[in-house]
Structures are given as structure tokens and as C-alpha cells.
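Coordinates in review
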Amino acid sequence: HRPRGRVNDSRDPWLDNAKMLLVTLVVVRHSWMLLPAGGPSDRIGAFLYVWHMPAFVLVTGYLSCSFTCTPARLWQLVRTVAVPYLLFECAMVLFRMYAGGERFGDVLQDPVWPLWFLSALFFWRLSVPLFRRIPGAAIGVAVAISLAAGLTDWSLLDLARMLGMLPFFVVGVMATPERLEWLRGTAPKVLAVAT
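Residues numbered from 1 in each chain as written. Predicted model: local features only at pLDDT ≥ 70, side-chain atom pairs only at ≥ 80, totals over all residues. Heavy atoms only, no water.

1. Brief notes about the environment of A120
For clarity, the threshold we go by: Note on conventions: DSSP H or I runs of at least 4 residues are helices, E runs of at least 2 residues are strands, and numbering of each starts at the N terminus. To sort residues, take the accessible area from a 1.4 Å probe on protein chains only and compare it with the maximum for the residue type: under 20% means buried, over 50% means exposed, and anything in between is partly exposed.
Mapped onto the fold, A120 is located in helix α5 (residues 115-133). The class of A120 is buried, set by a relative accessible area of 0%. A120 sits 46 residues away from L166 along the chain, and the two C-alpha atoms are 8.9 Å apart.

Here it is in C-alpha cells:
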């Protein structure tokens, strides 16, 4: 667990800008799904998907590092993540049942559009205290879980994607401000352009 400083410390504008860019890319990527298949939009969308969701999950892990399983924090998690997920998922279920003719059971097994992220966030945050107890092995364990998930075809709550992204979340949880400072240097910028 890394120290976070005082409660009234100022926010990091670099991190806020990174979050905003990544959220914008999520919206852009989802809006491209409405375009006809094929062409440059597919290739650009695939390129974005390869890195923007892992980066977003990493930032989410970094911001979740202080989560503890106290009653107050668990209630906050239920109130701010689980309840919105259930409300929006039920609203989408009703819409897809009446507008799309889908069956109720089929819809609840596969969260719609970005709602998979809320179900994943709920379980990822619950895992934070467990991974913090094994700091030397946390990333290795997360990678092993992710690889094992790749061998399955779980659709319930989009578990395969949730567990597939787990290593990025755990890297964020284990990151320190000093390690993230490296990303602001010249080498990562050169590497990003080269990639």
C-alpha cells in the first residue's frame, strides 16, 4: 500500500488528462461500431482497442489501490458500482427485450456495451486487498488467472474479459507514483511513437 498524502492534496493534472483521453477513446471506439464493417475504421478501431482498454484498466487499478474491505468501503462499492450496474443493465434488458426481441436470460448473461466494466470493477476492487497481501507475486498470479481465463468461454458477466484484463488492473494497483513518473519521460514517448 503506497502513501497517498493528505486528503486535500491537489489532483494530478497528468493523471486527470490521461483518464479523460482514455474515456474519450472508449466513446470514440464504441461510436465506430455504428459504422459499416470494413475499411480503415476497423483497423483504427482495432489499434485503439489493443491499448486503450488496458491503459484505462491500469489507471483504474492505480486509483483503486487504497480500497479496503471495511463495511463503509463495501457499502460505497455497492452504492457507486453495483447499483448503477444493476439499474442500467435492467434498463437495457427491458429495451432489448421490447425493441430487439431478445430473451431475458440471454441479455443478463452478457453485459451490454460498457456495462461489463462496472461488473468487472466491482470484482477487481474486491480483489485489491488480496493482491496487496502478495506484492511480490501479485502480477504473476494475475497473469496466470488471465491465461487460465483465456482457455474458457465464460459469458456470465463477461468473466473472460474481466479476468483477461486483471493483470493490467493489478499492475495499476501495484504501481507507485515514482514508477508512473517514468511515463512522463522522453523514453516512453519515443517508444509510443515507434509502436
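2. Let's talk about the pattern of salt bridges
Our working definition: Salt bridges, as used here, are contacts in which a Lys or Arg side-chain nitrogen is within 4 Å of a carboxyl oxygen on Asp or Glu.
Scanning the entire structure with this criterion turns up two salt bridges. Among the salt bridges present, the one from K19 reaches D16, with a minimum N-O distance of 3.4 Å. Here D16 and K19 lie together in helix α1 (residues 13-32), a separation of three residues that amounts to about one turn. By relative accessible area, K19 is classed as partly exposed at 24%. A relative accessible area of 24% means that D16 is categorised as partly exposed. The salt bridge partner of E181 is R184, with a shortest N-O separation of 3.5 Å. We classify E181 as partly exposed; its relative accessible area is 45%.

3. Describing the confidence of the model for the chain
Put simply, the rule is: As a per-residue quantity, pLDDT reports the predictor's confidence and falls between 0 and 100. We call two residues in contact when some of their heavy atoms are within 4.5 Å.
On average, residues of the chain score 84 in pLDDT, and 88% of them reach the 70 mark or higher. Across the chain, the element-wise mean pLDDT spans from 62 in helix α4 (residues 104-109) up to 96 in helix α8 (residues 166-174). With pLDDT under 50 throughout, residues 1-8 is counted as low confidence; its partners more than four residues away or in other chains account for 15 contacts.

4. Considering the nonpolar core
Note the threshold: Put simply, a nonpolar core is a bunch of buried Ala, Val, Leu, Ile, Met, Phe, Trp, Tyr and Cys residues held in one set by side-chain atoms that sit within 4.5 Å of each other.
By size, the foremost hydrophobic cluster in this structure holds 32 residues, and its most contacted members are M53, V57, W116, F117, W124 and V170. Breaking this core down by element, the ones donating at least two residues are α1, α2 (40-63), α3 (71-100), α5, α6 (138-149) and α8. Here this core gets eight residues from one element, more than from any other, and that element is α5. Apart from the residues within four sequence positions on either side, W116 is in contact with M53, P111, W124, D158, R161 and M165.

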